[in-house]
Amino acid sequence: MADTLEFNEIYQEVKGSMNDGRLRLSRQGVIFKNSKTGKVDNIQASELVEAIWRRVALGHGLKLLTKNGHVYKYDGFRESEFDKLSEFFKSHYRLELAEKDLCVKGWNWGTVKFGGQLLSFDIGEQPVFEIPLSNVSQCTTGKNEVTLEFHQNDDAEVSLMEVRFYVPPTQEDGVDPVEAFAQNVLSKADVIQATGDAICIFRELQCLTPRGRYDIRIYPTFLHLHGKTFDYKIPYTTVLRLFLLPHKDQRQMFFVISLDPPIKQGQTRYHFLILLFSKDEDISLTLNMNEDEVEKRFEGRLTKNMSGSLYEMVSRVMKALVNRKITVPGNFQGHSGAQCITCSYKASSGLLYPLERGFIYVHKPPVHIRFDEIAFVNFARGTTTTRSFDFEIETKQGTQYTFSSIEREEYGKLFDFVNAKKLNIKNRGHKESMPQSYDEYADSDEDQHDAYLERMKEEGKIREENADDSSDESGEETDESFNPAEEDEDVAEEFDSEVSASSSSSDDGSDREEKRKPAKKAKIVKERKPRKKLSESKKGKDPNAPKRPMSAYMLWLNASREKIKSDHPGISITDLSKKAGELWKGMSKEKKEEWDRKAEDAKRDYEKAMKEYSEGGKSESSKKEKSKKKQQPQKGKMERKAAPSKSPAKSPAKQLGESFKSKEFVSSDESSGDNKKEDSEEEEIASTPPSLEDSASGSD
């Protein structure tokens, strides 16, 4: 028989919610570690008095009762594990694992039994439901009726808030069954009542979450936050961890209290209580207890009279009452010498503290991530500038935290820290050989396949091709027509006072004209024809043409989209795409090969259809080309006819001087007509026929 048994993916029922974790049974007792909070429940073997095996919603469950009345429930076992557990309990704990099923008749009339911390409603010998009395927040009585109110459960979508019991009157004298019922509940219920005086009071402490200034009254079992608007009562049993963190300016201190379950105000939940202190603020504190009581209760951890810095006094008192260690930053030091890193999380700027066993971010919203729940970390390019980078953390549950806008000087220190803690670094291979230049490691995670990114790249290429076609049309005209150097030359020729004075200057001007003529001629011919082809090809895009085949990822996404929507109701399009990318990335090679084959089949079908389409459309395309060639000379005629009409209007200017600007344009048109005979056949189609040139020169 093995000395230990371990079970993964076991669920512990706590206040109506199921917390998954890991259960370990050994000779010494039962240990359950919560995967979400890291909290460990340890039940000594000597404390166990009863063990019950029963069928529950998640399969089969184990119910353990202890001597002090506490009840522990663990669900998620398989039916085949009963024999193994029964043998283990019998040999190591000397307990019989009894099988006891719940009553499912649906009756609402039965008897109530109080056993330790549990209220059990039974029909006959079978329990219908059980209520842990620690979940009860209030108990009120009426005529033959008892009402139980419960703490709201933040982890569950729907919470049970109230149950009413009808208690029939009895014939016994002197005993009120309603009051007896209520007293049994209240004796075990988690009803906080501020009875007696506070041990000590801290006045007007600055609190960041919940924001405001609060008086903190320290009671033996809970602390009371009293503000101008809200009051909070926090039992010490809900305190999970304590942190004392120095601010980056070295003048202030954060004191962080982690709470589970959190305190709430309306729909807002506060999982962390964050207090901010100045290091210069001192206090003298006197506890409201005599010295013997202080010594007996706190065993030297506190004294009746204490003095020192305010943050030291608060942390010291909380440590003694909660009986938990205070976590402080380890040996990490950033580029500036501080024990934290300035960064942004979501919309707010804050401080990230690398600790010995995790990371904590303060302050809005506070985040605590333990090393044992981190799947991997990643260093990524900053979204706005290359002077910073992002630090991404993904947990084993799939939650991702991105801390952005970290100064690039912090990279070396942070990378060394993560490496020393042996955390998985997603893009390690690129970073090992990387110097301090951020540009070299910014894209180091490109080797990781991202299906969503691949699809976006493919769509981007198609959009860029279309955009390039349209930009080439407009870009050629604007770039060539707007040439500041040429414009300066034109202005110098037109307004130069010495241009008309000598014939040599006019000859120079004509030389410049001849130099510009070929460029202008080439511009006219080569600009318009490609533009016409592009525009016509766009207009003539056949909607009946075969559509391009989809990639393997897109085929899979179309087939799986509805399933993803049903698994995640209300998911947005963006989140759906991200989720699909994650599922595709985690898919096995065998399944991906199936979709790759489908993509190849679709590609072959597309090529075959495209071949048939292109062969069938050859005759039509040749006819269209012939009609275009016929239309282009006609268009050239219309343009040439318009040119001679300008020359008579400009003739008076010709008599004034050879350097007049309009004369240059007329001569360029004429020379272009003469030189077009020497161009290729393709250029002659777009230019003016020789017959029209002769008529034009005759009219001049």
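- The protein goes by FACT complex subunit SSRP1 in an unreviewed UniProt entry, where it is assigned to Pelusios castaneus.
- UniProt lists a comment for the protein under the heading Sequence similarities (unreviewed entry), and it reads "Belongs to the SSRP1 family."

1. What about the sheet that holds strand β12 (residues 136-142)?
What links the strands of a sheet is backbone hydrogen bonding, and the strands pair in either a parallel or an antiparallel sense.
Thought 1: Here we have three strands laid out as an open sheet, ordered β12-β13-β14, and antiparallel in their pairing. What marks the edges here is a single partner per strand, and that holds for β12 and β14 (162-166). Direction aside, the axes of adjacent strands within the sheet are offset by 15° on average.
Thought 2: Pairing of β12 with strand β13 (residues 145-150) involves six bridges; the strand directions are antiparallel. Its bridge partner lying in β13, Cys 139 is registered against Leu 148.

2. Section: the pairing of strand β15 (residues 200-209)
Thought 1: Inspection of the sheet shows β15 paired to strand β16 (residues 212-218) by six bridges, in the antiparallel sense. Of the residues in β16, the one forming a bridge with Cys 200 is Ile 218.
Thought 2: In textbook terms, the turn of a hairpin is the stretch between consecutive antiparallel strands, and for β15 and β16 this stretch comprises two residues.
Thought 3: Where β15 meets strand β21 (residues 268-278), three bridges bridge the pair, whose relative direction is antiparallel. By the bridge assignment for β21, Gln 206 is matched with Leu 276.

3. Comments concerning a negative patch on the surface
Thought 1: Taken together, the side chains of Glu 79, Asp 83, Glu 87, Glu 99 and Asp 101 present a region of like negative charge at the surface.
Thought 2: Positionally, Asp 83 belongs in helix α1 (residues 82-93).
Thought 3: By relative accessible area, which is 58% here, Asp 83 ends up exposed.

4. Things to note about the nonpolar core
Thought 1: Phe 202, Ile 218, Phe 255, Val 314, Val 317 and Met 318 are the most contacted members of the largest nonpolar core, which has 41 residues in total.
Thought 2: When residues in this core are grouped by element, the largest group, nine residues, is from helix α4 (residues 310-322).
Thought 3: Sequence-distant contacts of Met 318, defined by excluding residues within four places in its chain, comprise Ile 218, Leu 223, Leu 242, Phe 255, Ile 257 and Asn 323.

5. A look at unusual backbone geometry
Thought 1: Backbone torsion omega between Thr 209 and Pro 210 reads -10°, so that peptide bond is classified as cis.
Thought 2: Take Pro 210: it is sitting in the loop between β15 and β16.
Thought 3: A positive phi angle, near 55°, is found at Asn 144, a position not held by glycine.
Thought 4: Tracing the backbone shows Asn 144 in the loop between β12 and β13.

6. Quick look at helix α2 (residues 177-188)
Thought 1: Between the first and last C-alpha of α2 there are 17 Å, a value that for 12 residues agrees with the 16 Å anticipated at 1.5 Å per step.
Thought 2: Every buried residue of α2 is listed here: Val 178, Phe 181, Ala 182 and Val 185. Along α2, the residues classed as buried sweep out an arc of 95° about the axis, all on the same side.
Thought 3: Next to the buried residues of α2 lie β9 (111-115), β10 (118-123), β12, β13 and β14.

7. A few points about the state of the cysteines
Thought 1: Applying the stated criterion across every chain yields a total of zero disulfides.
Thought 2: Cys 343 supplies the cysteine sulfur nearest to Cys 340, a cysteine that is in no disulfide, at a spacing of 9.1 Å.

8. Section: the pattern of salt bridges
Thought 1: Within the structure shown, the criterion is met by 15 salt bridges.
Thought 2: A salt bridge links Glu 130 to Arg 54, with the nearest nitrogen and oxygen atoms 3.5 Å apart. Of this pair, Glu 130 sits in strand β11 (residues 126-132) while Arg 54 sits in strand β5 (residues 48-56), placing them 76 residues apart in sequence. The exposure classification of Glu 130 matches that of Arg 54, with both residues buried.
Thought 3: Glu 130 is the partner of Lys 73 in a salt bridge, and the nearest nitrogen-oxygen pair spans 3.1 Å. You can see Lys 73 sitting in strand β7 (residues 71-77) and its partner Glu 130 sitting in strand β11, a full 57 residues away along the chain.
Thought 4: Using a relative accessible area of 9% as the deciding quantity, one classes Lys 73 as buried.
Thought 5: Looking at Glu 130, the relative accessible area reads 14%, which means it is buried.

Rules behind the numbers
Note on numbering: residues in each chain are counted from 1, in written sequence order. Local features are withheld for residues below a pLDDT of 70 in this predicted model, meaning they are given only at 70 or higher, and side-chain atom pairs are given and counted only at 80 or more; totals for whole chains, interfaces and linings count all residues. The basis for the side-chain values is all heavy atoms of the structure; hydrogens and waters are excluded. UniProt positions are given in the numbering used here, feature names are shortened, and annotations may be inferred rather than shown by experiment. Two strands pair under a simple rule: DSSP has to find at least two bridges between them. Each helix is a run of H or I in the DSSP string that is no shorter than four residues. Each strand is a run of E no shorter than two, and both are numbered from the N terminus. Axes, fitted as lines to C-alpha atoms, cover a helix only where it is in contact. Angles between the N-to-C directions of the axes lie from 0 to 180 degrees. Only residues whose relative accessible area exceeds 30% and that form no salt bridge are eligible for patches; like-charged ones are grouped when within 9 Å, while nonpolar side chains (Val, Leu, Ile, Met, Phe, Trp, Tyr) are grouped when within 5 Å. Per-residue and other accessible areas were derived by the Shrake-Rupley procedure at a 1.4 Å probe size, with only the shown protein chains allowed to occlude residues. By definition, a salt bridge exists where a carboxyl oxygen of Asp or Glu is found within 4 Å of a side-chain nitrogen of Lys or Arg. Neither His nor the chain ends is counted toward charge; the positive residues are Lys and Arg and the negative residues Asp and Glu. Where a charge sits is defined by one atom per residue type, namely NZ (Lys), CZ (Arg), CG (Asp) or CD (Glu). Each residue is assigned to one of three classes by its accessible area relative to the maximum for its type, calculated with a 1.4 Å probe on protein chains only: buried under 20%, partly exposed between the two thresholds, exposed over 50%. As used in this record, nonpolar core signifies buried Ala, Val, Leu, Ile, Met, Phe, Trp, Tyr and Cys residues forming a set joined through side-chain atoms within 4.5 Å. Here, residues are in contact when the closest pair of their heavy atoms is within 4.5 Å. By this rule, a helix spans an expected 1.5 Å times one less than how many residues it contains. Directions pointing from the helix axis toward each C-beta atom define the arc. Disulfides are defined as cysteine sulfur pairs within 2.5 Å.

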